[in-house]
Amino acid sequence: MRLTHVLVVAATLSLAATAQATPMYAARSARTCENCHVGPNKWENPPLADRKCNMSCQSCHVDPAGGGMRNTSGRFFGQSTLPMIATSPRPTDDWDRNAPYFGRRDRATSYDANLPVGPNTFAEAMEDFEELSQEMADGWARGTPQGKPSAYGLLQGRYERLNADPVLRVGADLRLAYLGSLIFPMQIDVPVAVHPVHHLTFLVNTGVRGRSGEYAETYTKDHSFYFREAFAMLHEAPYQAYIKAGRFVPSFGLRLDDHTSRIRRSFELDGALAESRVTGVEIGAMPNYPFLNASWFRMASRTRAPGDWDITDVDDGWGSAINAGFRELSWSVGASAMIRRRSIDEGGDTSTYGLYGVLNPWRNHRSLPLTYQFEYDTGSLQRASGRSTDQVAFYQEANYVAWNGVTLLLAHDFSDPDTEIIDDEEHRLQLGLQVSPYAGVTLDGRFRLLMPAVGQTGSDLFVQMHFYR
Amino acid sequence: MLKLMCRLFAGVAVAMMVACGSGDRTLNEVDPDVVAQKPSFAQVYPIFQRDCIPCHTGTGGGEEDEEDEEDEAGKRNRTLGVEPGLESCAAIINNLEDIVEDVFIDNNMPPGAWPRLTTKEKLTIERWIDGGTQCD
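If you're wondering where the values come from, they're calculated on a predicted model, not measured in any experiment.

Enquirer: How would you explain the overall build of chain B if you had to name every residue and give the values?
Expert: Scanning chain B from N- to C-terminus turns up seven helices and zero strands. The burial tally for chain B puts 49% of its 136 residues in the buried class. A fraction of 62% describes how many contacts in chain B between residues 6 or more apart in sequence connect residues 24 or more apart.

Enquirer: Explain the overall build of chain A to me, and be specific about the residues and the numbers.
Expert: Within chain A, the regular secondary structure consists of seven helices and 18 strands. Across the 469 residues in chain A, those meeting the buried criterion constitute 58%. For chain A, the accessible surface area stands at approximately 18200 Å², while carbon and sulfur atoms represent 60% of it.

Enquirer: Report on the nonpolar core, specifying residues and quantitative values.
Expert: Judged by nonpolar contacts, the single largest core of 30 residues is most densely connected at A:Leu203, A:Leu269, A:Phe297 and A:Met338. Looking at this core, the elements that each hand over two or more residues are strand E6 (226-234), strand E7 (242-248), strand E9 (290-298), strand E12 (350-359), strand E14 (388-403) and strand E15 (406-416) of chain A. Residues B:Ile47, B:Ile92, B:Ile99 and B:Trp128 belong to the second largest nonpolar core, which totals 16 residues.

Enquirer: Which residues make up helix H6 (residues 96-105) of chain B, and what are the values?
Expert: Residues and elements named next belong to chain B. Taken as a whole, H6 has its buried residues at Leu96, Asp98, Ile99, Asp102 and Val103. For H6, the buried positions fall inside an angular range of 155° around the axis, keeping them on one side. In H6, the exposed residues that point more than 90 degrees away from the buried face are Glu97 and Ile105. Lining the buried residues of H6 we find helix H3 (41-51), helix H5 (89-94) and helix H7 (119-130). Of the residues flanking the end of H6, it is Asn107, one or two places downstream, whose phi is positive at about 50°.

Enquirer: Describe the pattern of salt bridges, naming the residues involved and giving the relevant values.
Expert: All names here are of chain A. Overall, the coordinates contain 23 salt bridges over all chains when judged by the stated rule. Its salt-bridge partner being Arg366, residue Asp96 comes within 3.2 Å of it at the nearest N-O pair. Residue Asp96 is found in the loop between helix H3 (72-80) and helix H4 (122-127), and its partner Arg366 is found in the loop between E12 and strand E13 (370-382); the two are separated by 270 residues along the sequence. On the accessibility criterion, Asp96 (58% relative accessible area) is exposed. We note a salt bridge from Glu426 to Arg262, for which the minimum N-O separation is 3.2 Å.

Enquirer: Tell me about the pairing of E15(A), and please be specific about residues and values.
Expert: Residues and elements named next belong to chain A. With nine of its eleven residues buried, E15 lies for the most part within the structure. Looking at chain direction, E14 and E15 are connected through eleven bridges and run antiparallel. Across the sheet, residue Phe394 finds its bridge partner in E15, namely Phe414. From the end of E14 to the start of E15, which pair antiparallel, there are two residues, and Gly405 there has a positive phi angle of about 85°.

Enquirer: Hey, could you go over H7(B) for me, with residue numbers and the actual values?
Expert: All names here are of chain B. If you check H7, its first and last C-alpha atoms are 16 Å apart, about what twelve residues at 1.5 Å a residue would give, namely 16 Å. Within H7, burial applies to Glu121, Lys122, Leu123, Thr124, Ile125, Arg127 and Trp128. Tucked into the core, H7 has its buried residues touching helix H2 (27-30), H3, H5 and H6. Phi turns positive one or two residues past the end of H7, at Gly132, with a value near 105°.

Enquirer: A description of the pairing of strand E17 (residues 441-452) of chain A should follow, citing residues and the corresponding values.
Expert: Residues and elements named next belong to chain A. Only one face of E17 is buried: it carries Thr442, Asp444, Arg446, Arg448, Leu450 and Pro452, and the other face, with Val441, Leu443, Gly445, Phe447, Leu449 and Met451, is open. Bridge analysis of strand E16 (residues 426-438) against E17 gives eleven bridges, and the strand direction is antiparallel. The residue of E17 that forms the bridge with Leu431 is Phe447. With antiparallel pairing between neighbouring strands as the criterion, E16 and E17 make up a hairpin whose turn holds two residues, including Gly440 at a positive phi of roughly 90°. Where E17 meets strand E18 (residues 458-468), ten bridges bridge the pair, whose relative direction is antiparallel. Note on E18: the bridge partner recorded for Arg446 is Phe462. Where E17 folds back on E18, the antiparallel hairpin that results is connected by five residues, among which Gly455 adopts a positive phi of roughly 90°.

Conventions used here
Residues numbered from 1 in each chain as written. Chains lettered and ligands numbered in written order. Predicted model: local features only at pLDDT ≥ 70, side-chain atom pairs only at ≥ 80, totals over all residues. Heavy atoms only, no water. Helix = DSSP H or I, 4+ residues; strand = E, 2+ residues; numbered from the N terminus. Buried < 20%, exposed > 50% of the residue type's maximum accessible area, 1.4 Å probe, protein only. Contact = heavy atoms within 4.5 Å. Areas by Shrake-Rupley, 256 points an atom, 1.4 Å probe, with all protein chains shown as cover. Core = buried A, V, L, I, M, F, W, Y, C linked by side-chain atoms within 4.5 Å. Arc of directions from axis to C-beta. Salt bridge = Lys/Arg side-chain N within 4 Å of Asp/Glu carboxyl O. Pairing = 2+ DSSP bridges. Expected span 1.5 Å × (residues − 1).

What follows is the structure in structure tokens.
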């Protein structure tokens, strides 16, 4: 079989990156407060139980376990820090990091002084709310929830013109893949969060995996729209504690945006697949700096996608996951465990254990904009015969932020899907360039090299265009 | 503390780069019951559907097929440089020699950096071939 330009058609047609950010963003963001909101007017650390700023996923995402729809801090980060041209004020630390010929084109940053905008205290914010509300210009978030907010609730004005704490937030996420002469959608997500009263949020994320016409005709699995996430959540409790119930992906390890990584795909954590979604309950807390997420759930069998809209569509069997660790400002470590118990016909029992960590020397060394993360997973699974075996996978990635909005990436995957079997392991290397020219737009190009234990080494060039709000 | 973490993470990175697999036997030797001794085409076809047919659409192309007899999908595949179509049992059998070479000898399909077929998938195809490539 001859193969020419279309090196990754098969791969990419079955790819569908999920609307997740990356733990790398969180790891980088501890350099300065202004990544997530305009500089504080006066700053005193709130009591630990009330502190919202930490390195955990809930700082930027509606879902405290990470991924999907961003909250106001996440949106501010996407406008101020991530792109080459900022549409919210650029953090002072990054003023001298603009790419050549792009320097100081963003009109949102004054570049002559760091002028904070937000109110000093929550009480002051409430007094100024009318005035601040008039200044808001946020077409993707509306209203203010009823009821009494938590102490040090989200301050209007702290996120420039974004609505800090909306009743209704609508998002959008579109990923396109480019292959030779083909451009086609990989993923479309439309998340909606409703926050009618303080401490209560409903989130529904409706999404579809990408496909081309050929793929739809030949692949038997359903790729229509479905609820990727659908849950109700009680949150904004002391120590950022929460409880949510509904459909979600269990919290385990690093929530990578590259779902094809073996640390996701081999352990039923591939965020692109409906089969990875479970229905259950998750609790968690994130006091500075420890964090804990724990879930109990039921799921469809390993080879069956659950119902598109029926989040109660599960088979026999159950699972449970725990994810805990410590996220300091320049490093973090964590450990995860997950078990699934079900019959052989439904995929068999699995037990998975993971260790992961992130290092961000950039926080301490301004001339070293480097971030590194790794995850090592191992565990047992049952083959279709009923016999148990073990599998191993790990992932490591380094990012170098050359300029604002321009990042070089080097990643390495390894997997041994069955430790009893000879010659089934693979290494994969990726060399990539990520460019975010403007808020809500990221171009990601990667040269990927697959080195199987036997046979030929394979390579491809994969380009992804990501648009989000 | 940061220095300690830097050293620790550097050690992890190096250890991962030099990792290698374990195991010294084939799946057929370790767990012969994991796949039916004589798989049906119904058990084989989903493997082709997932890993091959997204590119190898239609039934035309390949050594056994004249270009002027190709179906529309086959012509498109030829334009894209992906041939033959493998969307039927007959098309798979017609191109079995190439399939064996790519999947079992060169281990280069699916292409690029896409994960290759699993040992279980390969064993299923191997036993189907050994069983006489029945299409029923």
